[in-house]
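Residues per chain, in single letters:
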Amino acid sequence: MFFTTNRPNPESENTDVIRVLNEFIAGERNAVAVRLLSDLDRPSVRPAKDLWLQIPTDVRLFVTRQMLDQAETNVQLDFSRMFTIALDDPDDEVRTLAIQGLWEDESTAQLDRFLSMLEFEAEPTVRAAIVEALGAFTYRAALEELDEGPAQRLRSVLLDIFAADEPVAVRKRALESVAYFQNDLDVEDAIDEAYESDYQDLRIGAIFAMGRNLSARWFDLLLNEMQDEDPEVRFEATRAIGLFGDERAVSLLLDLLDDEDREVQLAAIGSLGEIGGTVAIGTLRRIVRSDDSVVSDAAGEALTQATISTDPLRLDR
């Protein structure tokens, strides 16, 4: 639907932004021009919002994908205000990409915006993206960087979504996000429920959540799941066990370096880096010389992490 707007004072708007958006309205797809939407100034927000919905849907999708891709490869680009405009887009995929694009915005205002979206958003893929994005805020709550009121509201919303008659993908993301609330029996019960579920995706989500929750009760269970016949289960359990930083897992991780599944191998390498210690570091120093560039690169990153996470005094023992 096309409509006209009253143009603001030219001195109060970014004319490059207006020009580029009009080019997109005409159907042009110019990846270089997308850069001009970075660092949108406040006076340009309103005209940009009005012009955005005049752009054809396929072009809006192109622009949003470009903003997301370019922001990931160039930290100097900031499309946050354009992503915020796109949160109200009528297209489900555009809204989902906009949510992903706002992953660095951990402000209380953004938290309120996401929680408000959940009140009226019906599309499961968009709801899943929102509750996944809320994980950044539960992590802040775990670090006591979020006020008690917003933290408790966030916890309540996520637990309610997990318990509700929602699509499995949405419940899974809600569980993963709420898992950062540690020493919380309701959260642990939710993880237990998902782990015992008949839905494989919920079981996978529960194993992932255990790595975020870090309750000692999950440790032995994860060790067992590292030996499961399903490579997806092994992968998630292997990745989760590393977050415990417990050297009792090292021997099993060494076995998984020869796993038939490449993703499990790489997860084992990453977890050795998370745990650190003499054995892990010695192993990583060996495999960093592998002829397999993927393994070598992963080992190099893990070795850096292991060196940081290991007490230097332990290396002399």
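Going by the structure above, here's the rest.
For clarity, every value in this text was computed on a predicted model and none was experimentally measured. (Residues numbered from 1 in each chain as written. Predicted model: local features only at pLDDT ≥ 70, side-chain atom pairs only at ≥ 80, totals over all residues. Heavy atoms only, no water.)

K.L.:
How would you summarise the overall build of the protein if you had to cite specific residues and measurements?
P.N.:
Looking only at helices and strands, the protein has 19 helices and zero strands in total. On the principal axes, the C-alpha backbone points of the protein span a range of 70 × 45 × 35 Å. For the protein, the residues scored as buried account for 48% of the 317 residues in total. Considering only residue pairs separated by 6 or more positions, the protein has 64% of its internal contacts joining residues 24 or more positions apart. Roughly 16,100 Å² of accessible area belongs to the protein as shown, and the carbon and sulfur atoms make up 47% of that amount. (Helix = DSSP H or I, 4+ residues; strand = E, 2+ residues; numbered from the N terminus. Buried < 20%, exposed > 50% of the residue type's maximum accessible area, 1.4 Å probe, protein only. Contact = heavy atoms within 4.5 Å. Areas by Shrake-Rupley, 256 points an atom, 1.4 Å probe, with all protein chains shown as cover.)

K.L.:
Outline the packing of helix α8 (residues 124–133) against helix α9 (residues 135–142), listing residues and values.
P.N.:
As a packed pair, α8 and α9 sit with axes 4 Å apart at the nearest point and diverge in direction by 20 degrees. Viewed along their axes, α8 and α9 adopt a mutual orientation that is roughly parallel. Residues Val131, Glu132 and Ala133 of α8 form the contact with α9, whose own contacting residues are Gly135, Ala136 and Phe137. Across the contact of α8 with α9, the residue classes break down as four nonpolar, one polar and one charged. (Axes fitted to C-alpha atoms, helices over the stretch in contact; angles between N-to-C directions. Parallel < 35°, antiparallel > 145°, perpendicular 65-115°, else oblique. Nonpolar A, V, L, I, M, F, W, Y, C, P; charged D, E, K, R; others polar.)

K.L.:
Lay out the packing of aromatic side chains with the relevant residues and their values.
P.N.:
With the rule as written, the count across this model stands at four aromatic pairs. Pairing phenylalanine 114 with phenylalanine 137 gives two aromatic rings, centres 6.5 Å apart and planes at 80 degrees, and the pair type is edge-to-face. Separated by 23 residues along the polypeptide, phenylalanine 114 in helix α7 (residues 108–120) and phenylalanine 137 in helix α9 bring together distant segments of the chain. A relative accessible area of 1% places phenylalanine 114 in the buried class. Residue phenylalanine 137 is classed as buried on the basis of its relative accessible area of 1%. Taken together, a centroid distance of 5.7 Å and an interplanar angle of 65 degrees make the contact between phenylalanine 219 and phenylalanine 244 edge-to-face. Of this pair, phenylalanine 219 sits in helix α14 (residues 219–225) while phenylalanine 244 is found in the loop between α15 (231–242) and α16 (250–256), placing the two residues 25 residues apart along the sequence. (Phe/Tyr/Trp six-rings, centres within 6.5 Å; stacked < 30°, edge-to-face > 60°.)

K.L.:
So what about the pattern of salt bridges? Which residues, and what values?
P.N.:
Following the criterion strictly, the structure yields 22 salt bridges and no others. With a closest N to O distance of 2.7 Å, aspartate 92 and arginine 95 form a salt bridge. Here aspartate 92 and its partner arginine 95 are both found in helix α6 (residues 92–101), three residues apart, which amounts to about one turn of the helix. The exposure class assigned to arginine 95 is buried, which follows from its relative accessible area of 10%. Where arginine 173 meets glutamate 176, a salt bridge forms, and the shortest distance between an N and an O atom there is 3.0 Å. In this pair, arginine 173 and glutamate 176 are both assigned in helix α11 (residues 168–178), three residues apart and thus about one turn of the helix distant. Arginine 173 gets classed as partly exposed once you look at its relative accessible area, which sits at 27%. With a relative accessible area of 5%, glutamate 176 lands in the buried category. (Salt bridge = Lys/Arg side-chain N within 4 Å of Asp/Glu carboxyl O.)

K.L.:
With reference to specific residues and values, describe helix α12 (residues 185–195).
P.N.:
Along an α-helix, residues three or four apart share an orientation, since each turn contains 3.6 residues. Among the residues making up α12, those that are buried are Val187, Glu188, Ala190, Ile191, Ala194 and Tyr195. Taken down its axis, α12 places every buried residue within 155 degrees of arc, on the same side. Residues of α12 that are buried in the fold lie against α10 (148–163), α11, α13 (200–213) and α14. The residue sitting at the N-terminus of α12 and contributing the capping side-chain oxygen is aspartate 184; that oxygen lies 3.0 Å from the backbone nitrogen of aspartate 186. (Arc of directions from axis to C-beta. Polar contact = N/O pair within 3.5 Å; in protein donor to acceptor, adjacent residues only side chain to side chain.)

K.L.:
Before we move on, can you summarise α6 with the specific residues and values?
P.N.:
α6 sits mainly inside the fold: seven of its ten residues count as buried. Among all positions of α6, only Val94, Arg95, Thr96, Leu97, Ala98, Ile99 and Gly101 are buried. Where α6 is buried, its residues touch α3 (42–52), α4 (57–73), α5 (80–86), α7 and α8.

K.L.:
Requested: an account of the packing of α7 against α8, with residues and values cited.
P.N.:
Helix packing for two helices is described by the angle between their axes and how far apart those axes are. The contact between α7 and α8 brings their axes to 10 Å, and the two run at 150 degrees. Accordingly, the angle class assigned to the pair α7 and α8 is roughly antiparallel. In this structure, the crossing between α7 and α8 has a hand that is left-handed. Along its contact with α7, which presents Phe114, Met117 and Leu118, the element α8 presents Arg127, Ile130, Val131 and Ala133. Looking at the contact of α7 with α8 residue by residue, the classes come out as six nonpolar, no polar and one charged. (Left-handed = near helix turned anticlockwise from the far one by under 90°.)

K.L.:
So what about the side chain of glutamate 188? Which residues, and what values?
P.N.:
Mapped onto the fold, glutamate 188 is located in helix α12. Only 2.9 Å separates the side chain of glutamate 188 from the side chain of arginine 217, close enough to count as a polar contact. Beyond its immediate chain neighbours, meaning those up to four positions away, glutamate 188 contacts Asn183, Asn213, Ser215, Arg217 and Trp218.

K.L.:
I'd like a description of a negative patch on the surface, backed by residues and values.
P.N.:
Negative charge collects at one region of the surface, where Asp39, Asp78, Glu104, Glu106 and Glu145 lie side by side. Checked against the element boundaries, glutamate 106 lands in the loop between α6 and α7. Since its relative accessible area comes to 34%, glutamate 106 is described here as partly exposed. (Patch = residues over 30% accessible without salt bridge, like charges linked within 9 Å, V, L, I, M, F, W, Y side chains within 5 Å. Lys, Arg positive; Asp, Glu negative; His and termini not counted. Charge placed at Lys NZ, Arg CZ, Asp CG, Glu CD.)

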